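# Coordinate inspection notes
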Amino acid sequence: AESFPPPYHTVTVDVAQAEKWTPIRRLTGSVRAPQFLQLAAEAPGRIVSLPFQAGETVPEGEVILKLFDEDLINQRDALSADQDLVRTQLRRIQKLREDKLASQDQLDTLLAQNRSLQSRIGALNAQISRMTLTAPFTGRLGIYDQSLGDLMQAGDVLTTLTGAGNVRWVDFKVPQGVARVNEGDTVRVLSIDNELIVEATIIAVSDALATGIRAYDVRARIEDSGLRHGELVQVEVRTGPSRPVVKLSNRAVRWDTEGALVYAVIDAEEGAFQPHRAAARRVSILDERGGEVFVSGDVRAGEAVAAEGAFKLYVDALIVVSDGSASE
């Protein structure tokens, strides 16, 4: 029994590295285009013109949608003719009035008729303007299904218009007490798959908290990101100052009833069957990113810790370091 070799375990090791770590919090954000509109009909009517196809770029001021408005134009023309007649009569009455050959009542009646016709013509012009949608800025049309001759009701959505340019805004909410951000600060924007997209600069911070959720609105600006309006992203905000920590592979971290720990690979005593033993180092996990963890606690920078195979270890377990590891 004395000559029987004691049990040992083969592991790989990683070297703990000193790092500067900044505590962060990931929040959900939404991408917005600075110029974005949802195009909808303001009045019911039949489509008589759709000059641009879905996905095309529309110059500012160009017509996007035109509904049938000839009946309104004819009504306006009829009222304009009536107004011309009233104005002719008004000029005659004013001359007769100067010669005291017309009554004040006739003059007042014609003036009232002129104002009434002017108001009715203005109302028709307003209705006619609602039958035509023009681009308020140069932008790209979204996809639409309507075609010439289709009937649209008031409020029916045609498509969207997104402004040209690569600038995008990222809007997100910061819960009270999580972090304090200011205009000019930078935040990291990540995809929902945790891939870094770009760093954004904060351009606006709300002074008021949203009722109910106790969070304030923040807007950041990015360029050349390739993000679409309405896209969901993650935003990393700093929640505290940077401090020195130790970085390890997440394979090194183990758990027991007392919490997280790693096994340091130390030299065994003289005469031991293997050259290394396992020593427990209690740690607190601060963050995890891309397969690495940032910890504080008993482990020191430069110390070799067990990685692959660490799940087999216990305190004072004999260790064989796998070939090719840095520690060996």
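Just above, that's the structure.
The subject of this paragraph is the packing of aromatic side chains. How two aromatic rings sit relative to each other is set out by the distance from centre to centre and by the angle between their planes. For the structure on display, the rule yields one aromatic pair. Ring centres of Tyr8 and Phe273 lie 6.1 Å apart, and the angle between their planes is 40 degrees; on these two criteria the pair is classed as tilted. Of this pair, Tyr8 sits in strand S1 (residues 8-11) while Phe273 sits in the loop between strand S20 (259-267) and strand S21 (276-289), and the two are 265 residues apart along the sequence.

So, on to the side chain of Asp14. Here Asp14 lies in strand S2 (residues 13-15). Within polar-contact distance, the side chain of Asp14 engages the side chain of Arg251 at 3.2 Å. With sequence-adjacent residues up to four places away left out, Asp14 is seen in contact with Ser249, Arg251, Glu303, Ala304, Val305 and Ala307.

Per the stated rule, a full pass over the model turns up 17 salt bridges. The residue Arg32 makes a salt bridge to Asp171 at a minimum N-O spacing of 3.7 Å. One end of the pair, Arg32, is in strand S4 (residues 24-32); the other, Asp171, is in strand S13 (residues 168-175), with 139 residues separating them in the sequence. For Arg32, a relative accessible area of 35% puts it in the partly exposed group. What emerges from the salt-bridge pattern is a single network uniting Asp14, Arg251 and Glu308.

Cut-offs used in this document
Residues numbered from 1 in each chain as written. Predicted model: local features only at pLDDT ≥ 70, side-chain atom pairs only at ≥ 80, totals over all residues. Heavy atoms only, no water. Phe/Tyr/Trp six-rings, centres within 6.5 Å; stacked < 30°, edge-to-face > 60°. Helix = DSSP H or I, 4+ residues; strand = E, 2+ residues; numbered from the N terminus. Polar contact = N/O pair within 3.5 Å; in protein donor to acceptor, adjacent residues only side chain to side chain. Contact = heavy atoms within 4.5 Å. Salt bridge = Lys/Arg side-chain N within 4 Å of Asp/Glu carboxyl O. Buried < 20%, exposed > 50% of the residue type's maximum accessible area, 1.4 Å probe, protein only.

Note that every value here comes from positions in space, so none of it alone points to a role or purpose.
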